[in-house]
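# Fold and geometry: a report
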Amino acid sequence: MLVRYFAAARAAAGVEEEIHPLPEGSSLEALLEAALAVERPLPPDGTPTLARIVARSSFLRNEIAVRDPSAPLGAEDVIDVLPPFAGG
């Protein structure tokens, strides 16, 4: 499954996107556990870690908001991690 990171999530992950080879039917929760288990460089001082950002983020599955993080995903699904942002 492809995970794409945006804004602060991208900075914390250190990559724009990554693939996690989970079995079809895995949940968003399982996918996020896999993503958080990846060893990443330590962020600069004061930068939130990916785990903190993911905990506050919204998610899209194939460009549709995910409401149930336990729902099964397909092997070809694309998950977008959207951290909170400010704006007006």
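Below is a summary of the structure that appears in this document. Per chain, the residues get numbers from 1 upward, laid out in the order the sequence is written. Given that the model is predicted, a residue must reach a pLDDT of at least 70 before its local features are reported, and side-chain atom pairs must reach 80 or more before they are shown or counted; all residues, however, enter totals for whole chains, interfaces and linings. Side-chain figures throughout are based on the complete set of non-hydrogen atoms in the structure, without hydrogens or water.

### Comments concerning the nonpolar core
The tendency in soluble globular proteins is for nonpolar side chains to be buried side by side. Which entries qualify depends on this criterion: Think of a nonpolar core as a cluster: buried Ala, Val, Leu, Ile, Met, Phe, Trp, Tyr and Cys residues, connected wherever their side-chain atoms sit within 4.5 Å. Only protein chains enter the area calculation, which uses a 1.4 Å probe; residues under 20% of their type maximum are buried, those over 50% are exposed, and those in between are partly exposed. To qualify as a helix, a DSSP run of H or I must reach at least 4 residues; to qualify as a strand, a run of E must reach at least 2; elements of each kind are numbered from the N terminus.
Tyr-5, Leu-50 and Val-81 are the most contacted members of the largest nonpolar core, which has 17 residues in total. Those elements that place two or more of their residues in this core are strand E1 (2-5), helix H1 (7-13), helix H2 (28-37), helix H3 (50-56) and strand E5 (78-82). Among the elements that line this core, the one with the most residues is H2, at four residues.

### A word on the pattern of salt bridges
Pairing is possible between side chains of opposite charge, provided their charged atoms come close. Cut-off, in case you're wondering: Within this document, salt bridges are pairs made up of a side-chain nitrogen of Lys or Arg and a carboxyl oxygen of Asp or Glu, the two lying within 4 Å of each other.
On inspection of all chains with the given rule, the structure shows three salt bridges. Measuring nitrogen to oxygen at the nearest pair gives 2.6 Å for the salt bridge that ties Glu-18 to Arg-40. Here Glu-18, found in strand E2 (residues 17-19), pairs with Arg-40, found in the loop between H2 and H3; they are 22 residues apart in sequence, far enough to count as distant. For the pair formed by Glu-18 and Arg-40, the shared burial category is buried. The shortest N-O distance in the salt bridge between Arg-61 and Asp-77 comes to 2.8 Å. On the criterion of sequence distance, the pair formed by Arg-61 in strand E3 (residues 58-61) and Asp-77 in the loop between strand E4 (64-65) and E5 is long-range, its members being 16 residues apart. Looking at Asp-77, the relative accessible area reads 9%, which means it is buried.

### Looking at H2
Our working definition: Here, the arc refers to the directions that run from the helix axis to the C-beta atoms. Here, two residues are considered to be in contact whenever any of their heavy atoms come within 4.5 Å of each other.
The set of residues buried in H2 consists of Leu-28, Leu-31, Leu-32 and Ala-35. Seen from one end, H2 has its buried residues packed into an arc of 95°, which puts them on one side. In H2, the exposed residues that point more than 90 degrees away from the buried face are Glu-33 and Ala-37. Looking at the buried side of H2, the elements it contacts are E1, E2, H3, E3 and E5.

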